[in-house]
Amino acid sequence: MSFSYLKDKFKKKTEGNGKDSNVEIIKLDELKENEINEERKKEEEELLNQVMTRINEIENDIPRIKVSIDTLKSQIQEVQEEVEKLNKTIKDVMMLYEVVSQEINPFKDQEKDNPLLNEIQELKRHLEGLRTEIVQLKSDLKLLATHGIDLDEVIYEVISEGR
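Below, the structure is looked at part by part.

The rules behind the values
- Residues numbered from 1 in each chain as written.
- Predicted model: local features only at pLDDT ≥ 70, side-chain atom pairs only at ≥ 80, totals over all residues.
- Heavy atoms only, no water.
- Helix = DSSP H or I, 4+ residues; strand = E, 2+ residues; numbered from the N terminus.
- Areas by Shrake-Rupley, 256 points an atom, 1.4 Å probe, with all protein chains shown as cover.
- Expected span 1.5 Å × (residues − 1).
- Patch = residues over 30% accessible without salt bridge, like charges linked within 9 Å, V, L, I, M, F, W, Y side chains within 5 Å.
- Salt bridge = Lys/Arg side-chain N within 4 Å of Asp/Glu carboxyl O.
- Buried < 20%, exposed > 50% of the residue type's maximum accessible area, 1.4 Å probe, protein only.

### Notes on the overall build of the chain
For step 1, the next point in the chain: If you tally the helices and strands in the chain, you get four helices and zero strands.
For step 2, the next point in the chain: Start at the N end of the chain and walk to the C end: the helices and strands fall as α-α-α-α.
For step 3, the next point in the chain: Put simply, the chain shows about 15,500 Å² of open surface, and 58% of that area lies on carbon and sulfur atoms.

### A word on helix α3 (residues 115–146)
For step 1, the next point in the chain: The end-to-end C-alpha separation of α3 is 47 Å, in line with the 46 Å expected for 32 residues at 1.5 Å each.
For step 2, the next point in the chain: Where α3 ends, the next residue or the one after it, G148, has phi of about 75°, a positive value.

### Topic: a nonpolar patch on the surface
For step 1, the next point in the chain: Residues L47, L48, V51, M52 and I55 make up a contiguous nonpolar surface patch of roughly 450 Å² in combined accessible area.
For step 2, the next point in the chain: Locating M52 in the fold gives a position in helix α2 (residues 19–101).
For step 3, the next point in the chain: The exposure class assigned to M52 is partly exposed, which follows from its relative accessible area of 42%.

### Remarks on the pattern of salt bridges
For step 1, the next point in the chain: For the coordinates displayed, the defined rule picks out four salt bridges.
For step 2, the next point in the chain: R54 is the salt-bridge partner of E57, the closest N and O atoms lying 3.1 Å from each other. Highlighted residues: E57 and R54, both in helix α2, separated by three residues, approximately one helical turn.
For step 3, the next point in the chain: For E57, a relative accessible area of 38% puts it in the partly exposed group.
For step 4, the next point in the chain: Measuring nitrogen to oxygen at the nearest pair gives 3.0 Å for the salt bridge that ties E128 to R131. Taken together, the positions of E128 and R131, both in helix α3 and three residues apart, correspond to about one turn of that helix.
For step 5, the next point in the chain: Looking at E128, the relative accessible area reads 43%, which means it is partly exposed.

Right, here's the structure in full:
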């Protein structure tokens, strides 16, 4: 309601001659307000319909999204298991590499307590001892053969003393 409307309204009351025109003005204003209210209601209903449509779309998308998420979870689990298997395999290969390359690798610490390396070193010492004994036996046999000693008789005496 504008100021001019109020002014006209009060003017006519004091004059007392235009009651019907006031009623018509009020009815026109009410009609205009009703039209505006109806337009607002239509706009609100349209907006509400749009919101409801979007909510329905979202509700329809939720099951598909859930299935996608479950699929991704299972794929991630499979990848994690494969990575764990690869880690175990890599550790096994590295341990094997260290065992094989420990004697060859000059950068490795040779003084570590490795049972396999210790056993190999002990076998090497034993082999060297056997080699020196064989060399001594050869030289003894040559010496005995050059002095004319009967080797068969010496062998017989050694065997018979053992009994």
